[in-house]
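# Results of the structural survey
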Amino acid sequence: IEPISTGIAMGIAAAVTGFLARYQNVLYYFQECCRPEWMSYNKTGLEEDLRTKLFGQHVAARVILKAVTGFMNNKNPRKPLVLSLHGWTGTGKNYVSQLIAESIYCKGMTSGFVHLFTATAHFPHEMHLELYKSQLQQWIKGNVTNCPRSMFIFDEMDKMHPGLIDSIKPYLDFYDNLDGVSYRQAIFIFLSNAGGENIVQVALDFWTAGREREEIELKHLETALSLSVFNNKNSGFWHTSLIDKNLVDFFVPFLPLEYKHVVQCGLAEMAAKGLTPDEEVVDRMARDLSFFPKEERVFSRQGCKIISSRLDFYI
Ligand SMILES: Nc1ncnc2c1ncn2[C@@H]1O[C@H](COP(=O)(O)OP(=O)(O)OP(=O)(O)O)[C@@H](O)[C@H]1O
């Protein structure tokens, strides 16, 4: 009798294990988890999105595609990917972060592995700096332990306390692991308006000289960025050794948007609202926006930022 009952018990155990394994697989299917089913890089998708959805940012689009593809295809990166996006307001920095997130995580920005921090909202009071530091470090460590392929986006980086930037520095570095956790698969994206004025100046110089916007290359903007971001005593970066230690892999400049880009944004926004894109409506809206220089009205002051709300008045 004993071998029979042992056999039955083993049979039941195998059935239960099989059921649990299948149940687990079903669960993985429905509930986001740190597995390739939920996060695999779609280069073609990102390329297509940058080409068709991001307007007027040929330099940024090129750098981002190269940077993200290189990193995601590298099985053994030596450090996490650190991108620093710079530019005037409403030029697409947050939007690009969203496109990057969508190219990696099935759930895009709503993924539990994508974390967005806004300096003024999450770290508003300088007197709580020490608390913010330890909370932020714990948050990063906990989340990377849970899933190495985590993404952290820091908006308003130029308003972030230098001490707080310093506190995340170890996670951006070339360490094999820190307290048993490896950060090499993680992605950090910093967004700021720092350098925006100088980028605008380069775009203006090209325009004044009658040169095409598409002729602007990364090399033309790098000097502008280095002058404003690296040498500016008020810029958060200046106080930290992010730059000295080469922890930022790519500085990505965003150009100021022109009238035609604002129109493109307006048409895309109408489509997103489920309306038939109407150039006449969008044109009326774009004409009422503010552009500079005052006379020539070349660059949009707010970029595409207020288009979504403005459009409602013209529909
Ligand atoms: N270059 C662009 N191409 C397409 N849409 C854009 C572009 N720039 C901005 N938009 C649209 O405007 C919205 C606001 O832009 P976004 O938040 O990305 O600007 P930002 O550069 O991050 O500005 P800020 O520095 O003020 O945070 C986006 O969600 C997107 O719909």
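Note that the structure is predicted; figures quoted are calculated from it, not measured.

The subject of this paragraph is the overall build of the chain. A count of helices and strands for the chain gives 13 helices and seven strands. Each of the three principal axes of the chain carries a C-alpha extent, and together these read 100 × 50 × 35 Å. Across the 315 residues of the chain, 46% fall into the buried class. By element, 54% of the accessible surface of the chain is carried by carbon and sulfur atoms, the whole surface being about 16,500 Å². Charge separation in the chain, taken as the distance between the mean sites of 32 positive and 35 negative side-chain charges, equals 3 Å.

With that settled, consider the site of the ligand. Neighbouring the ligand are 17 residues, the closest being Phe55, Thr89, Lys93, Asn94 and Lys305. Within the backbone of Phe55, an N or O atom sits 2.8 Å from a nitrogen atom of the ligand. Contacts to the ligand include Gly90, whose backbone N or O atom sits 2.9 Å from an oxygen atom. In isolation the ligand has 620 Å² of accessible area, and contact with the protein removes 83% of it. Among the elements that take part in the shell around the ligand, helix α4 (residues 93-104) stands out by supplying three residues, more than any other. Among the residues making up the shell around the ligand, the classes are represented as seven nonpolar, seven polar and three charged.

Before going further, it helps to spend a moment on the side chain of His86. Note that His86 resides in strand β1 (residues 81-87). A polar contact of 2.8 Å, which involves the side chain of His86, links it to the side chain of Ser84. Reaching out from His86, the side chain makes a polar contact with the side chain of Ser192 at a distance of 3.3 Å.

The next thing to look at is the state of the cysteines. Taken as a whole, this structure holds two disulfides when the rule is applied. Residue pairing for Cys265: its cysteine sulfur links by disulfide to Cys304, the two sulfurs lying 2.0 Å apart. Judged by the sign of its S-S torsion, about 90 degrees, the cystine formed by Cys265 and Cys304 is right-handed. Here Cys304 lies in the loop between β7 (299-300) and α13 (307-314) and Cys265 lies in helix α11 (residues 259-272), a separation of 39 residues in the sequence. When its relative accessible area of 15% is taken as the criterion, Cys304 is described as buried. Disulfide partners in the chain, listed by the sequence order of the bonded cysteines, are 1-2, 3-4. No disulfide involves Cys33; its nearest neighbouring cysteine sulfur is the one of Cys34, lying 7.7 Å away.

Calculation rules
- Numbering of residues starts from 1 in each chain and follows the order in which that chain's sequence is written.
- Reporting in this predicted model follows two pLDDT cut-offs: at least 70 for local features of residues, and 80 or more for side-chain atom pairs to be given and counted; totals over whole chains, interfaces and linings ignore these cut-offs and use all residues.
- To get the side-chain values, take all heavy atoms of the structure and skip hydrogens and water.
- Helix numbering and strand numbering both begin at the N terminus, where a helix is a DSSP run of H or I of at least 4 residues and a strand a DSSP run of E of at least 2.
- Burial classification: accessible surface area is computed with a 1.4 Å probe over protein chains only, and a residue below 20% of its type maximum counts as buried, one above 50% as exposed, and the rest as partly exposed.
- Note on areas: these come from Shrake-Rupley sampling with a 1.4 Å probe, and a residue is covered only by the protein chains present in the view.
- His is not counted, nor are the chain ends; Lys and Arg add positive charge and Asp and Glu add negative charge.
- Every charge is mapped to an atom, namely NZ of Lys, CZ of Arg, CG of Asp or CD of Glu.
- Residue proximity to a molecule or strand is established when one non-hydrogen atom of the residue lies within 4 Å of it.
- Residues adjacent in sequence count toward polar contacts only when both atoms are side-chain atoms; beyond that, a polar contact is any pair of N or O atoms within 3.5 Å, and within protein one must be able to donate a hydrogen and the other to accept it.
- Gly falls in the polar group here, along with every residue not listed as nonpolar (Ala, Val, Leu, Ile, Met, Phe, Trp, Tyr, Cys, Pro) or charged (Asp, Glu, Lys, Arg).
- Cysteine sulfur atoms that pair up within 2.5 Å are treated as a disulfide.

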